[in-house]
Amino acid sequence: MTERVVIVGGGIAGVSTAGALRAGGFNGDLTLVDAGEFPYDRPPLSKEFLAGTKDIKQIALQSPQWYDDQCIRLVNRTAVGALRPRDGKVELADGTLLPADRVVLATGGGAARPPIPGIDSERVHVLRSADDADRLRPALVAGARVLVVGAGLIGAEVASTAVHLGCEVTLVDPVATPLAVALGPELATWLHELHQRHGVTTAQAAVESFTDRGDAIEVRLAGATEPQVFDVVVLGVGMVPNTELAALAGLEVDRGIVVDTGQVTSNPAVLAVGDPARTRDGGVLLPRTEHWEAAQHDGARAAATILGTPAPAPAASWFWTDRHGRHVEAVGHMDAAEQTVLRGSFDDTAFSVFGLRDGLVVAAAAVDDSSAVRAARRMIDRRIAADVGRLSDPSVNLRSLLRG
Ligand SMILES: Cc1cc2nc3c(=O)[nH]c(=O)nc-3n(C[C@H](O)[C@H](O)[C@H](O)COP(=O)(O)OP(=O)(O)OC[C@H]3O[C@@H](n4cnc5c(N)ncnc54)[C@H](O)[C@@H]3O)c2cc1C
């Protein structure tokens, strides 16, 4: 019987696991250990928090009262140093031992720093934590020359925030159309061009080297004859899952902590959730997901496993991103689509793209149209056949299509 659960990491995955355990009736000891000041949310770090319109308290995942009400022992500013599943213990970095029948690893990840010469300069920033954002914000003054490397979700949001703070922003990525796999080429192209319409200079290029010359940083881009000079560089080139604790404890790690569909690692006493978890389903190792809602769902599944209750029904994966005042959402697997259907026009204030395969909706992406993505999600989850004519007609209420 599980009487004591220790959750390592207080991001959305860890906090969701704790909340779902209590909501599901777990009444044993529940401890949440986090290395940070208190559990906070990460998506605002590249948006309102970086822009300075929200402070750290406003991005807390839960209020201090919530942890008290839920009888969750919150241990902040403390890193877990080792798991000892065989002894039923978790060891904190200061040597304190916490008893645990089940441990949930919710350790997130760190920002990737590829081995580019000069990358250790203080002018080169990453963005993964509130501390990173606090270090970066003072450099984003009006007129500052900012290079953002990587036009994925985080890089594009930083470019947007920086240009709206008055910086001169250049955004480079070796890929011509970033996010094409997730959003489909047409919408991804439109979204990338949105940067230029808001004054961001975009270029298809990889960085070869950085040279910190004291008052600025020179950046050599592949194929360029001359280096370019910037005041600050922000890397948005991916994340590296925090798997060290898992590896030290002898758990299976393969570019992520390998878990089954109930979030259980290769040791039944240890579960893993969120960004570092990598699911093996039917013998196949799936790619990790690095999205907020996926981390939340992992927490719900881990709690169900610990409680021995049915796992929540699987749902199509979903994420959002905000840039230049536009809100983008995507659901499902656009790369699995064999046909795309545009609903509305790219000039409209709101529009969406649906991805279809064998007559079924398999994905959708929308700009300022959350309801289209909500409807698409139901169509995907319920495998409702799609009528292309009605789907593409913005005057047709999408809810009428949900009846099949
Ligand atoms: C800047 C930014 C913007 C984003 N924007 C979006 C967005 O718009 N939409 C979207 O869908 N997703 C977005 N994401 C992704 C989303 O935030 C992540 O998928 C989500 O935070 C993953 O949650 P997590 O709990 O797995 O990990 P994390 O949020 O990384 O939390 C892990 C926690 O574990 C703690 N920890 C690690 N090791 C230890 C240890 N040994 N001991 C104790 N504590 C430890 C860390 O301090 C951290 O608090 C964004 C991410 C970032 C960084």
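Scroll up for the structure.
Figured I'd write up the structure that's included with this text. This structure is a prediction, so every number in the text was calculated from the model and none was measured.

## Focus: the sheet that holds strand β18 (residues 257-259)
Moving on, step 1. Strands sit in the order β18-β20-β21 across an open sheet of three strands; the sheet is mixed. If you trace the sheet from one side to the other, it starts and ends with β18 and β21 (284-285), each paired once.
Moving on, step 2. As defined by bridge partners, strand β20 (residues 277-281) adjoins β21 across two bridges and the pair is classed as antiparallel. Along β21, the bridge assignment pairs Asp281 with Val284.

## So, helix α10 (residues 370-382)
Moving on, step 1. The end-to-end C-alpha distance of α10 is 18 Å, a good match for the 18 Å that 13 residues give at a rise of 1.5 Å each.
Moving on, step 2. Among the residues of α10, Ala372, Val373, Ala375, Ala376, Arg377, Met379 and Ile380 are the ones counted as buried.
Moving on, step 3. Of the surrounding secondary structure, the elements contacted by the buried residues of α10 are α9 (292-307), β22 (318-323), β23 (326-332), β25 (351-357), β26 (360-367) and α11 (388-391).
Moving on, step 4. Positive backbone phi, approximately 50°, marks Arg383, located one or two places after α10.

## Topic: the site of the ligand
Moving on, step 1. Taken together, the neighbourhood of the ligand is formed by 35 residues, with Asp34, Arg42, Lys47, Val80 and Asp275 sitting nearest.
Moving on, step 2. Contact distances for the ligand include 3.3 Å between an oxygen atom and a backbone N or O atom of Trp292.
Moving on, step 3. Trp320 is positioned such that a nitrogen or oxygen atom in its backbone is 2.9 Å from a nitrogen atom of the ligand.
Moving on, step 4. Contact with the protein chains removes 92% of the 1,000 Å² of surface that the ligand exposes when unbound.
Moving on, step 5. Among the secondary structure elements, those contributing two or more residues to the shell around the ligand are α1 (12-23), α5 (153-164), α9 and β22.
Moving on, step 6. Partitioning the shell around the ligand into residue classes produces 17 nonpolar, eleven polar and seven charged.
Moving on, step 7. For the shell around the ligand, the domains that each give at least three residues are domain 1 (4-110 + 239-307) and domain 2 (113-235).

## Concerning the side chain of Glu157
Moving on, step 1. Here Glu157 lies in helix α5.
Moving on, step 2. For Glu157, a relative accessible area of 3% translates into the label buried.
Moving on, step 3. Among the polar contacts listed, one links the side chain of Glu157 to the side chain of Thr321, at a separation of 2.6 Å.

## Quick word on α1
Moving on, step 1. With twelve residues, α1 extends 16 Å between its outermost C-alpha atoms, agreeing within 8% with the 16 Å of an ideal straight helix rising 1.5 Å per residue.
Moving on, step 2. The buried fraction of α1 amounts to ten of the twelve residues, a majority that puts the element mostly inside the structure.
Moving on, step 3. Of all the residues in α1, the buried ones are Ile12, Ala13, Gly14, Val15, Ser16, Thr17, Ala18, Gly19, Leu21 and Arg22.
Moving on, step 4. Of the surrounding elements, those touching the buried residues of α1 are β1 (4-8), β2 (29-33), α3 (64-69), β7 (102-105) and α9.
Moving on, step 5. Phi for Gly25, located one or two positions after α1, is positive at around 100°.

## Concerning the pairing of β23
Moving on, step 1. A large share of β23 lies buried, amounting to six of its seven residues.
Moving on, step 2. As paired strands, β22 and β23 are joined by six bridges and run antiparallel to one another. Within β23, the residue paired with Thr321 across the bridge is Val328.
Moving on, step 3. Where β23 meets β26, five bridges bridge the pair, whose relative direction is antiparallel. Bridge pairing in β26 places Gly332 opposite Ala363.

Reading the values: rules and limits
Residues numbered from 1 in each chain as written. Predicted model: local features only at pLDDT ≥ 70, side-chain atom pairs only at ≥ 80, totals over all residues. Heavy atoms only, no water. Pairing = 2+ DSSP bridges. Helix = DSSP H or I, 4+ residues; strand = E, 2+ residues; numbered from the N terminus. Expected span 1.5 Å × (residues − 1). Buried < 20%, exposed > 50% of the residue type's maximum accessible area, 1.4 Å probe, protein only. Contact = heavy atoms within 4.5 Å. Near = heavy atom within 4 Å. Polar contact = N/O pair within 3.5 Å; in protein donor to acceptor, adjacent residues only side chain to side chain. Areas by Shrake-Rupley, 256 points an atom, 1.4 Å probe, with all protein chains shown as cover. Nonpolar A, V, L, I, M, F, W, Y, C, P; charged D, E, K, R; others polar. Domains from an automatic or database assignment.

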